[in-house]
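Chain and residue survey
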Amino acid sequence: MKVLVTGHTGYIGSVLVPMLLDAKHKVTGLDTDFFAGCDFNKDLADVPAVRKDLRDVTVADLKGFDAVIHLAALSNDPLGDLNPDCTYGINHRASVRLGELTKAAGVPRFIFSSSCSLYGLSAGDGLLDEDASFNPVTAYGESKVRVEQEVSPLADDSFSPTFLRNATAYGVSPRLRADLVVNNLVGYAYTTGEVLIASDGTPWRPLVHVQDIARAFIAVLQAPRERVHNQAFNVGQTGENYQIRDVAAMVEEIVPGCRVKYAEGGGPDLRCYRVNCDKIARTLPEFQPQWTVRRGIEQLYAAFRDHGLTVEEFTGSRYIRIKHISSLLAAGRLDATLRWSQEARIAL
C-alpha cells in the first residue's frame, strides 16, 4: 500500500516507518521537522517526505495514497499546556481538517493516533474498555476526544477511519523521548543513581512499547476494512497496567546501584486509569505484542549504557519536548503560533 505518515520522524513515526518498509509498503512522510537533530541514534529511515505544517496541508498533498497514518501532534501533556490554543489548533482542528481532506482526496483509510489519556481521571478501580466515558484532565487528552468525535461521523462507504488509543509509550526510538514515564525513570536511574518519582507513586498507567504501537498500526492498515471501520481500539496489553511505584521498583532491580527517591512535594497525579485491551487482541489476532515493561526497562538500560548517556544530555532539550520547543521559541525560530519564523524557514 502507498501510505502517508504524518509525524514520520517523531518518537513513534521513526520506529513505525522502517517496520512499514519491511512489510513492503511504500511510505511518504510529512513533518514540520521541529525536532530535527534531536536524535538518539542515526537510524532514521530515508523516505520521500514533505516538510509542511499540518495546518497547511492541502488535498493535493494527499491524492494518490491508499492510507493516511496520522501521528503528528504536540505530544504530551506539559507541551500541550504550554499553549492550549495552539494545542487545539494543531492536535484538534488541524487533525479534523486532515481527516476531511483525506476523505476529499479519495484516500480510503485514515488511522489516527489517539491516546488512552482521553480517559483521564478514572472514577473507579475497574479496567476501562473502549466504551468507557471520557474524562480528560489536560488539553492534550481533550484534543484526542474532539478529533475522535468529529472524524467518526465522516465515515462512509468510501472513507474508513480507525482510532488507536495508545497506552503510555516507552522504549528505545531513534527520536528518544525522556518525558515518558518509563524512559524517564530509567534515564534518571542510569545517569544519577536515583529512580526519581515525581508523584506519590500511586497513579496507574497502561504501558506499551513503541514497537508494539507500530505493530498495532500495521495490523490495522493490513486488516480487512470491515474489522476496523470506524472503530476505536485501546493499544497495549490488559496485563500491562502498572502503578508508577511498581515500575520504579523494577527499575531499581534492573539498573545497578540505583535507589528509588520521591521528589519533594510530589502528590497524587490526576491522570490515573487502567485500561482493558482485549478488543484489539480479539479483533486483530495478527497484532502480537512482543514487549513487557520489564523487558523494556532492560532494553533502555542497555541502550543508555552503550550510548554513554550523561545526565546533562538526558535532562537537556534534545529528548524533552517542552524544553526543545521552548528553546526554539526563545531563539525566535518559532513564532507565538508555533510556526517556523521567516528566518528559520530560510535556514531550513
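Attention here is on the structure that accompanies the text. (Residues numbered from 1 in each chain as written. Predicted model: local features only at pLDDT ≥ 70, side-chain atom pairs only at ≥ 80, totals over all residues. Heavy atoms only, no water.)

So, about the overall build of the protein chain. Counting its regular elements, the protein chain contains 14 helices and 12 strands. Taken against the 2.2 N^0.38 rule, which gives 20 Å for 348 residues, the C-alpha radius of gyration of the protein chain at 19 Å falls within 12% of a compact globule. Counting only C-alpha atoms and orienting by the principal axes, one finds that the protein chain spans roughly 55 × 50 × 35 Å. Once local pairs closer than 6 in sequence are excluded, the contacts in the protein chain between residues at least 24 apart make up 81%. Surface summary for the protein chain: the accessible area is close to 14000 Å², and the carbon and sulfur share equals 49%. Each charge class in the protein chain was averaged separately, 37 positive and 42 negative side chains, and the resulting centres sit 4 Å apart. (Helix = DSSP H or I, 4+ residues; strand = E, 2+ residues; numbered from the N terminus. Rg over C-alpha atoms; globule rule 2.2 N^0.38 Å. Contact = heavy atoms within 4.5 Å. Areas by Shrake-Rupley, 256 points an atom, 1.4 Å probe, with all protein chains shown as cover. Lys, Arg positive; Asp, Glu negative; His and termini not counted. Charge placed at Lys NZ, Arg CZ, Asp CG, Glu CD.)

Another aspect to go through is the packing of aromatic side chains. Given two aromatic rings, their pairing is described by the distance between the two centres and the angle made by the two planes. Taken as a whole and assessed by the stated rule, the structure comprises 9 aromatic pairs. Measuring from ring centre to ring centre gives 6.5 Å for F112 and F163, while their planes differ by 75 degrees; the resulting arrangement is edge-to-face. Of the two residues, F112 sits in strand β5 (residues 109-115) while F163 sits in strand β6 (residues 160-166), which places them 51 residues apart along the sequence. Overall, the relative accessible area of 1% leaves F112 in the buried class. Members of the aromatic cluster, joined through ring pairs, are F40, Y188, F304, F314 and Y319. If you follow K279 out to its NZ or CZ, it ends over the ring of F233, 4.9 Å from the centre. (Phe/Tyr/Trp six-rings, centres within 6.5 Å; stacked < 30°, edge-to-face > 60°. Buried < 20%, exposed > 50% of the residue type's maximum accessible area, 1.4 Å probe, protein only. Lys NZ or Arg CZ within 6 Å of the ring centre and 35° of its normal.)

So, about helix α7 (residues 210-222). End to end, α7 covers 19 Å across 13 residues, agreeing with the expected 18 Å (1.5 Å per residue, within 8%). For α7, the tally of buried residues reaches 10 of 13 residues, placing the bulk of the element in the interior. (Expected span 1.5 Å × (residues − 1).)

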